[in-house]
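Listed below, chain by chain, are the residues.
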Amino acid sequence: MSCLFDIISRLAGPFPWKEQYATASAAKGRLHGPYFSSIECKSMTVVTRFAPSPTGFLHIGGARTALFNKLFARHHGGKYLLRIEDTDKKRSTQDAIDAIHDALSWLDLDCDGPAVSQSAQRDRHAEVAQQLLDMGHAYKCYATPEELTEMRAQQKAAGQTTRYDGRWRERDPSEAPAGVDPVIRLRAPQDGETVLQDMVQGEVTVANAQLDDMILLRSDGSPTYMLSVVVDDHDMGITHVIRGDDHLTNAFRQIQLFKAMGWEQPIYGHVPLIHGPDGAKLSKRHGALGAEAYRDMGFLPEALRNYLLRLGWGHGDDEIISDEQATEWFDGSGLGKAPARFDTAKLTALNAHYLKTAENARLAELIKPSLETLSGIPMSELSTERLLAGMESLKERSKTLNELADSAALYVRPRPLEMEPKAEKILNDDARAVLATARKSLESLQPWTADALEAWAREYADNNDLKLGQLAQPLRAAITGSNVSPPIFEVITIFGRDESLSRIADISGNH
Ligand code: GLU
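Our subject in this report is the structure included herewith. (Residues numbered from 1 in each chain as written. Predicted model: local features only at pLDDT ≥ 70, side-chain atom pairs only at ≥ 80, totals over all residues. Heavy atoms only, no water.)

According to the stated counting rule, one finds 27 salt bridges in the structure shown. The closest approach of N and O atoms between D232 and R83, which form a salt bridge, is 3.7 Å. One end of the pair, D232, is in helix α8 (residues 225-235); the other, R83, is in strand β2 (residues 79-84), and 149 residues separate them in sequence. In this structure, R171 engages E175 in a salt bridge whose closest nitrogen and oxygen atoms are separated by 2.8 Å. On the basis of relative accessible area, R171 is assigned to the partly exposed category, the value being 36%. Since its relative accessible area comes to 43%, E175 is described here as partly exposed. Where salt bridges share partners, they join R49, R83, E85, D232 and D233 into one cluster. (Salt bridge = Lys/Arg side-chain N within 4 Å of Asp/Glu carboxyl O. Helix = DSSP H or I, 4+ residues; strand = E, 2+ residues; numbered from the N terminus. Buried < 20%, exposed > 50% of the residue type's maximum accessible area, 1.4 Å probe, protein only.)

Now the structure itself:
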């Protein structure tokens with residue numbers, strides 16, 4: 001019998017976690033009865049998965065799902081897998097698959113081992129449909145599309161909910177009309193209830209009478225999404241499925257399928273979807289939806305992770321939660337039932353925190369491409385040195401990497417400086433004259449430190465009947481080309497005596 005492991009082994013070479021999957025599946029046998037508790041998880045190898053459909057970018061809600069699944073697996077010392085649900089060939093694109101991998105990798109949410117492609121398991125899905133047929137848990141339905149349309153119209157007219165009425169459930173295939181390719185449907189239980197013990201929602205029950213006999217294999221032989229998900233979850237040894245609550249209703253059908261195959265079902269946790277600030281489901285009109293858009297806006301991956309973690313999960317009043325703490329605390333409890341609202345201001349505040357604590361060299365590396373674009377020249381060693389020297393003050397004042405790059409550009413822009421309009425205004429004739437004389441006094445200043453420079457400026461202003469601002473603002477404009485900068489005496493120290501004097505001379509040379 002072909003199974004997912006063998007297929008992947010053939011495609012991707014050795015399949016390192018094959019044994020662990022097997023262990024996990026075996027261990028799952030111990031999980032009959034009550035649903036999730038952390039104690040139960042300790043007795044088994046937890047295997048989670050993130051299963052995006054590659055029809056676009058990695059949605060921010062998908063990123064949160066990936067995070068939850070990774071943290072849960074890490075907390076229990078288990079595996080976190082990725083399955084690309086690419087069975088809808090019309091809507092799935094390679095670009096979207098690449099974008100998902102990119103965004104996951106940026107967020108440090110890469111899975112353990114190679115990703116599974118759902119479409120590659122098609123034969124295995126069809127094989128399971130055949131097994132269900134052989135066991136009598138599925139049957140062939142020869143109803144034509146026209147017939148079904150008519151059935152639904154009649155149900156509607158009678159004020160009933162539209163559902164497949166089971167017309168081929170007990171019929172013999174010998175009665176099949178000629179020329180109709182059948183679909184295969186699950187012979188779902190008609191009495192009783194399907195009960196879901198959900199990690200987030202608690203116990204949720206649906207009367208089986210409400211669930212009709214779903215299609216497993218279409219008339220062209222292609223497996224349906226519902227069948228594919230169940231077979232893959234089983235074959236990958238998935239023990240826990242954390243996903244958006246838009247899949248809650250699917251869970252009941254999926255449980256029926258697990259039962260029909262005699263397979264142990266995973267433990268589900270359906271997390272409420274993320275809402276916008278107005279309380280409506282997060283959608284395009286709320287702005288950016290893709291994780292990569294947040295990278296482009298200058299957010300750090302750890303800030304976004306921390307933010308997403310708090311969207312729908314809590315640990316007391318903790319807001320700033322490191323990856324280590326998250327792994328330690330994320331045991332499946334603490335997931336909220338109420339939808340969380342996306343709040344960009346909160347994310348920005350968290351980002352400011354992570355910027356302040358990030359290593360200077362890493363930040364310099366992260367903003368380098370933007371700096372090269374802003375300055376129009378490649379970063380030199382000298383610029384990098386200056387940038388690193390100024391980073392402490394720069395990062396204190398920035399909320400995003402983009403803000404950081406904007407304010408850091410002063411260390412990279414080449415001379416002669418292009419003056420911003422406000423700097424140009426500061427540098428009127430009087431100011432230029434002040435700079436010309438002050439420059440001479442500065443030539444011999446010892447030592448060249450921020451404190452000494454500030455003391456010099458105060459004294460010089462005093463002696464020359466100037467307010468400190470009348471000296472410091474022209475200095476700032478001449479040295480940075482702007483009216484705003486980190487503390488100017490620090491900037492002057494970082495540029496050093498020669499460079500600073502040259503910049504002042506660029507402005508005041510004619511006076
Ligand atoms: N592919 C589904 C989605 O992107 C997820 C399915 C699942 O997690 O079971 O919404």
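Each aromatic ring pair is described using two quantities: the centre-to-centre distance and the angle formed by the ring planes. The tally for this structure, following the rule as stated, stands at nine aromatic pairs. Seen in terms of ring centroids, F258 and W263 are 6.4 Å apart; in terms of plane orientation they differ by 65 degrees. Their pairing is edge-to-face. Residue class for F258 comes out buried when judged on its relative accessible area of 1%. The exposure class assigned to W263 is buried, which follows from its relative accessible area of 15%. Between the aromatic rings of Y294 and F342, the centroid separation amounts to 5.6 Å while the plane-to-plane angle is 50 degrees, which identifies the pairing as tilted. Taken as a pair, Y294 in helix α10 (residues 291-296) and F342 in the loop between α12 (323-329) and α13 (344-357) lie far apart in primary sequence, 48 residues in all. Looking at F342, the relative accessible area reads 4%, which means it is buried. Taken together, the ring pairs in this structure connect Y294, F299, Y307 and F342 into an aromatic cluster. Lying across the ring of W168, R171 places its NZ or CZ 3.9 Å from the centre. (Phe/Tyr/Trp six-rings, centres within 6.5 Å; stacked < 30°, edge-to-face > 60°. Lys NZ or Arg CZ within 6 Å of the ring centre and 35° of its normal.)

The full set of residues close to the ligand is R49, A51, P52, S53, E85, Y225, R243 and H247. Between a nitrogen atom of the ligand and a side-chain N or O atom of S53, the distance comes to 2.8 Å. Contact between the ligand and E85: a nitrogen atom at 2.6 Å from a side-chain N or O atom of the residue. With the chains in place, 80% of the 300 Å² that the ligand exposes on its own is no longer accessible. If you map the ligand onto the pockets, it falls in the largest pocket. In the shell around the ligand, the residues fall into three nonpolar, two polar and three charged. (Near = heavy atom within 4 Å. Polar contact = N/O pair within 3.5 Å; in protein donor to acceptor, adjacent residues only side chain to side chain. Areas by Shrake-Rupley, 256 points an atom, 1.4 Å probe, with all protein chains shown as cover. 1 Å grid on protein atoms, 1.4 Å probe; cavity = no way out; pocket = protein on both sides within 12 Å on 5 of 7 lines; lining within 4 Å. Sits in = over half its atoms within 2 Å of the grid points. Nonpolar A, V, L, I, M, F, W, Y, C, P; charged D, E, K, R; others polar.)

What follows is about the layout of surface pockets. In this structure, the largest pocket spans a volume of roughly 1,300 Å³. Lining the largest pocket are 43 residues; nearest its centre among them are A51, P52, S53, T55 and H247. Of all the elements in the fold, those that place two or more residues in the lining of the largest pocket are β1 (47-50), α4 (60-75), α6 (122-135), α8 and β9 (240-244). No other element matches α4, which puts five residues into the lining of the largest pocket. Classifying every residue of the lining of the largest pocket by side-chain character gives 14 nonpolar, 16 polar and 13 charged. (Points joined across faces, edges and corners; volume = space filled by probe spheres on them.)

Take the sheet that holds strand β4 (residues 138-141) next. One open sheet holds the three strands; their spatial order is β4-β5-β8, and the pairing between them is antiparallel. Looking along the sheet, the strands with just one partner apiece sit at the ends: β4 and β8 (215-217). This sheet shows a mean twist of 45 degrees between the axes of neighbouring strands, independent of strand direction. Where β4 lies against strand β5 (residues 183-186), four bridges are found, and the strand directions are antiparallel. Residue pairing in the sheet places Y139 in a bridge with R185 of β5. (Pairing = 2+ DSSP bridges. Axes fitted to C-alpha atoms, helices over the stretch in contact; angles between N-to-C directions.)

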